Amino acid sequence: MTTQALPSALAAIVDDFQALTEPERLQLLLEFSQGLPELPDRLKDHPELLEQVVECQSPLFLTIETENEGGPGAAVRLFFKAPAEAPTTRGFAGVLHEGLDGLSAEEILSVPDDMPELLGLTRAITPLRMRGMTAMLGRIKRRVAAATAGRS
């Protein structure tokens, strides 16, 4: 798979990872963990609105919202909650947030399921942690598909 199959923001992130050595990739992942936005107040007090991604080694919760009542081409907003002491998990969430937040449902659903492998981290990070990122992407896509089906 090439980055041409990815939405432009996600393709740029993958290109950035691929241009680096393995140790530098880990540093970039840490930077993404530090850049993950906090939950907005309306979600902080309502954990029942978040879904846990149980495949992640660290507790990670996510939810999506669609803008403009979810009409055609509406932007999908992603929200994540991950502890600061879980930089790998937060980093994966940060990559997905930066690469997918604000895209349409169709763009998100078109992202290949094995996209996390393109980051070039499979030798530096355990397979279990890589499965966590794949699970995050899968959960996002399932929620987007369900939201899309609910409005058609």
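Details of the structure are given in the entry above.
First, a word on what this report is: a plain description of the structure on this page. In this text, all values refer to a predicted model and were calculated from it rather than measured experimentally.

Bringing the sheet that holds strand 1 (residues 51–52) into the picture now. If you walk across this open sheet you meet the three strands as 1-2-3, and the pairing is antiparallel. Across the chains shown, the open sheet's two edge strands, defined by having one partner strand only, are strand 1 and strand 3 (76–81). With two bridges connecting them, strand 1 and strand 2 (residues 61–66) associate as antiparallel partners. Residue pairing in the sheet places E51 in a bridge with L62 of strand 2.

Before going further, it helps to spend a moment on the packing of helix 2 (residues 22–34) against helix 4 (residues 87–100). Viewed as axis vectors pointing N to C, helix 2 and helix 4 meet at an angle of 75°, and their least axial separation amounts to 7 Å. In terms of their interaxial angle, helix 2 and helix 4 are classed as roughly perpendicular. Every residue of helix 4 that contacts helix 2 at L29, L30, F32 and S33 is listed here: P87, T88, R90, G91, F92, G94, V95 and E98. The class makeup of the residues in the contact of helix 2 with helix 4 is six nonpolar, four polar and two charged.

It is worth spelling out the environment of A145 at this point. Relative to the helices and strands, A145 resides in helix 6 (residues 127–150). Sequence spacing of A145 and V111 is 34 residues, and the spatial spacing of their C-alpha atoms is 12 Å.

Moving on to the packing of helix 1 (residues 8–18) against helix 4. Taken N-terminus to C-terminus, the directions of helix 1 and helix 4 make an angle of 135°; their axes are 7 Å apart at the nearest point. The angle between the axes of helix 1 and helix 4 places the two elements in the oblique class. In the packing of helix 1 onto helix 4, the handedness of the crossing is right-handed. Where helix 1 abuts helix 4, its residues A9, L10, I13 and F17 lie against V95, E98, G99 and L100. Residues that form the contact of helix 1 with helix 4 fall into these classes: six nonpolar, one polar and one charged.

Criteria and cut-off values
- Residues numbered from 1 in each chain as written.
- Predicted model: local features only at pLDDT ≥ 70, side-chain atom pairs only at ≥ 80, totals over all residues.
- Heavy atoms only, no water.
- Pairing = 2+ DSSP bridges.
- Helix = DSSP H or I, 4+ residues; strand = E, 2+ residues; numbered from the N terminus.
- Axes fitted to C-alpha atoms, helices over the stretch in contact; angles between N-to-C directions.
- Parallel < 35°, antiparallel > 145°, perpendicular 65-115°, else oblique.
- Contact = heavy atoms within 4.5 Å.
- Nonpolar A, V, L, I, M, F, W, Y, C, P; charged D, E, K, R; others polar.
- Left-handed = near helix turned anticlockwise from the far one by under 90°.

All we've got here are geometric facts, nothing functional implied.
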